[in-house]
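# Examination of the molecular architecture
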Amino acid sequence: MAENIYKNPIFLNSLAHKSVQIAPVADYSFARSLNSVLLVGQEFLEAAKHYPVVFTKGQNEEIVSLAIMGLRNDENLFIDDEGKWKPGVYVPAYIRRYPFILADNVGQDGSFAVCVDSAYEGFDRGEGMFLFDRGGEQTPEFKSTVEFLRNYQTQYELTKTLIKHLKDYDLFKDVSANITTPLGEKISFAGLMMIDEEAILRLEDEKIVNLVRTGFLPWVYAHLYSLSNFRALTAL
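Description of the structure in this document. Remember, predicted model here, so these are calculated numbers, not experimental data.

### Considering the packing of aromatic side chains
Summed over all chains, the structure comprises 12 aromatic pairs. With a centroid separation of 5.6 Å and 75° between ring planes, the pair formed by Phe-132 and Phe-142 is classed as edge-to-face. Placement of Phe-132 in the loop between β8 (129–130) and α3 (140–168) and of Phe-142 in helix α3 is noted, with a sequence separation of 10 residues between them. Both rings, one in Phe-216 and one in Trp-219, keep their centres 5.4 Å apart while their planes meet at 40°; by these two values the pair is tilted. In this pair, Phe-216 and Trp-219 both sit in helix α6 (residues 216–226), 3 residues apart, roughly one turn of the helix. Trp-219 sits in the buried class, given a relative accessible area of 10%.

### Some details on the environment of Ala-199
As for its placement among the helices and strands, Ala-199 is situated in helix α4 (residues 197–201). Overall, Ala-199 belongs to the buried group, its relative accessible area being 8%. It is 26 Å that separates the C-alpha atoms of Ala-199 and His-50, two residues lying 149 residues apart in sequence. Contact partners of Ala-199, with chain neighbours within four places excluded, come to Asp-170 and Leu-171.

### Overview of the sheet that holds strand β9 (residues 172–180)
What the 5 strands build is an open sheet, ordered β3-β5-β4-β10-β9; its pairing is antiparallel. Bordering the open sheet on either side are β3 (36–38) and β9, each of which pairs with just one other strand. For this sheet, the mean inter-axis angle between neighbouring strands, taken without regard to orientation, is 50°. Each of β3, β4 (53–57), β5 (63–68), β9 and β10 (186–195) is contacted by α3, which is oriented at about 115° to β5, the strand it contacts most.

### So, α6
Note: α-helices contain 3.6 residues per turn, so residues at a spacing of three or four share the same orientation. In terms of burial, α6 is a largely internal element, 8 of the 11 residues being buried. By the burial criterion, the buried members of α6 are Phe-216, Leu-217, Trp-219, Val-220, Ala-222, His-223, Leu-224 and Ser-226.

### Details of the side chain of His-165
The residue His-165 is located in helix α3 in this model. A distance of 3.1 Å separates a polar atom in the side chain of His-165 from a polar atom in the side chain of Asn-210.

### What to know about the sheet that holds strand β7 (residues 112–117)
Read across the open sheet, the 3 strands follow the order β1-β7-β6; overall the sheet is antiparallel. A strand with exactly one partner marks an edge of an open sheet, and here the two such strands are β1 (9–11) and β6 (100–104). Strand after strand, the sheet turns through a mean of 40° between neighbouring axes, direction not considered. Sheet strands in contact with α3 are β6 and β7, and its direction is about 55° off that of β6.

Reading the values: rules and limits
Residues numbered from 1 in each chain as written. Predicted model: local features only at pLDDT ≥ 70, side-chain atom pairs only at ≥ 80, totals over all residues. Heavy atoms only, no water. Phe/Tyr/Trp six-rings, centres within 6.5 Å; stacked < 30°, edge-to-face > 60°. Helix = DSSP H or I, 4+ residues; strand = E, 2+ residues; numbered from the N terminus. Buried < 20%, exposed > 50% of the residue type's maximum accessible area, 1.4 Å probe, protein only. Contact = heavy atoms within 4.5 Å. Pairing = 2+ DSSP bridges. Axes fitted to C-alpha atoms, helices over the stretch in contact; angles between N-to-C directions. Polar contact = N/O pair within 3.5 Å; in protein donor to acceptor, adjacent residues only side chain to side chain.

Geometry only, nothing functional implied.
As structure tokens, this is what we get:
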């Protein structure tokens, strides 16, 4: 990913932020230079309609899944000059959760605290949803946001389980993508990984059944189906 979209995340609490309002995101310009974003497995089926879904090694050699949104390091082909996402195209949850994010709750193992990017232009500008009511309780709207964040975190952990299975079953293979744009520019993608479909066909029955019963097999084939979207990116 080209950059971190969170410029100044802060922890939220009912005392310091009792009167704070957060305006809904109407301008996606903050993600204009992201050519890829993290994707959780639950999103593969929908994201595969629009983006190449690939794998790569991130920090500490951890394998992660990504949606590719641009051919160059600093471009997102799905955001127009006015900051609008391309109509009818799925917006990844990584983007939709902005300006909120969950962070490890220091000193409390396994728990998370809700943060917001205070650099977001809609932070505390006197419009949008209130985070807390007069009694210091989360508003219904904020509760829905927190639930979305928790579900995203759950799906992120489930995606790590998927990736562990794929790695244990030796289903990954390294690939590179070499693309020539309509103007003749040659662009190369290195460090990508995909699932080896032939290796799937050679799997023992027990492992195939496990992929089916965990619900992972449809995600696998959504990934494979999505790779043809590199051609669509070239057209864009």
